[in-house]
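Okay, here's what each chain looks like letter by letter:
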Amino acid sequence: MRHNNSGRKLGRNPSHRKALFRNMAKALLTHGSIHTTEAKAKELRGVVEPLITLSRRADVHARRQAYRVLGSHQLVQQLFADIGPRFPGIPGGSTHWTKPALPRPRRAAPP
């Protein structure tokens, strides 16, 4: 039974999920938007929104915590200099996902 176990497994083991969300968070912060499935997008919010909240604090500890997830000094600099100031007083909800108009090509899987 999965009582009080939150989060989707997405058919991956824990280390693969961690790597998947790190890579997706890097891509999202680099490009501004990504194309992925609905389940992955909903789970990615739990990784990216705390990073944006960290970026509003401009201290060394917050930068080190962001670096633990992103693993790139350039991306941490971009997060704290460009992305964080866009959301000054917003407590959350800085990421949005939309369903694509067309289904995924050559698959019957949901978008």
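Everything below is about the structure shown above.
Residues numbered from 1 in each chain as written. Predicted model: local features only at pLDDT ≥ 70, side-chain atom pairs only at ≥ 80, totals over all residues. Heavy atoms only, no water.

A. Layout of the overall build of the chain. Each helix and strand in the chain was counted, giving four helices and zero strands. Taking as baseline every contact in the chain between residues at least 6 positions apart, the subset at least 24 positions apart corresponds to 49%. Carbon and sulfur atoms provide 53% of the accessible area of the chain, an area that totals close to 7900 Å². Each charge class in the chain was averaged separately, 21 positive and 5 negative side chains, and the resulting centres sit 8 Å apart. (Helix = DSSP H or I, 4+ residues; strand = E, 2+ residues; numbered from the N terminus. Contact = heavy atoms within 4.5 Å. Areas by Shrake-Rupley, 256 points an atom, 1.4 Å probe, with all protein chains shown as cover. Lys, Arg positive; Asp, Glu negative; His and termini not counted. Charge placed at Lys NZ, Arg CZ, Asp CG, Glu CD.)

B. View of the packing of helix 1 (residues 14-31) against helix 4 (residues 73-83). Between helix 1 and helix 4, whose axes approach to 10 Å, the crossing angle comes to 45 degrees. The orientation of helix 1 relative to helix 4 falls into the category oblique. Viewed along their axes, helix 1 and helix 4 form a crossing whose handedness is left-handed. When helix 1 is examined against helix 4, the residues Lys 26, Leu 29 and Thr 30 are found in contact with a partner set consisting of Leu 75, Gln 78, Leu 79 and Ile 83. Residues belonging to the contact of helix 1 with helix 4 are distributed by class as follows: four nonpolar, two polar and one charged. (Axes fitted to C-alpha atoms, helices over the stretch in contact; angles between N-to-C directions. Parallel < 35°, antiparallel > 145°, perpendicular 65-115°, else oblique. Left-handed = near helix turned anticlockwise from the far one by under 90°. Nonpolar A, V, L, I, M, F, W, Y, C, P; charged D, E, K, R; others polar.)

C. Structural view of the packing of aromatic side chains. One pass over the structure, following the stated rule, counts zero aromatic pairs. One Lys or Arg, Arg 63, reaches over the ring of Phe 80 and ends 4.6 Å from the middle of that ring. (Phe/Tyr/Trp six-rings, centres within 6.5 Å; stacked < 30°, edge-to-face > 60°. Lys NZ or Arg CZ within 6 Å of the ring centre and 35° of its normal.)

D. Spatial organisation of the pattern of salt bridges. All chains considered together, the criterion is met by four salt bridges. Between Arg 8 and Glu 43 there is a salt bridge whose closest N-O contact spans 3.0 Å. Of this pair, Arg 8 sits in the segment before helix 1 while Glu 43 is found in helix 2 (residues 38-56), placing the two residues 35 residues apart along the sequence. Two residues, Asp 59 and Arg 57, come together in a salt bridge whose shortest N-O distance is 3.7 Å. Residue class for Arg 57 comes out partly exposed when judged on its relative accessible area of 38%. Because the salt bridges share partners, they merge into one network encompassing Glu 38, Lys 42 and Lys 99. (Salt bridge = Lys/Arg side-chain N within 4 Å of Asp/Glu carboxyl O. Buried < 20%, exposed > 50% of the residue type's maximum accessible area, 1.4 Å probe, protein only.)

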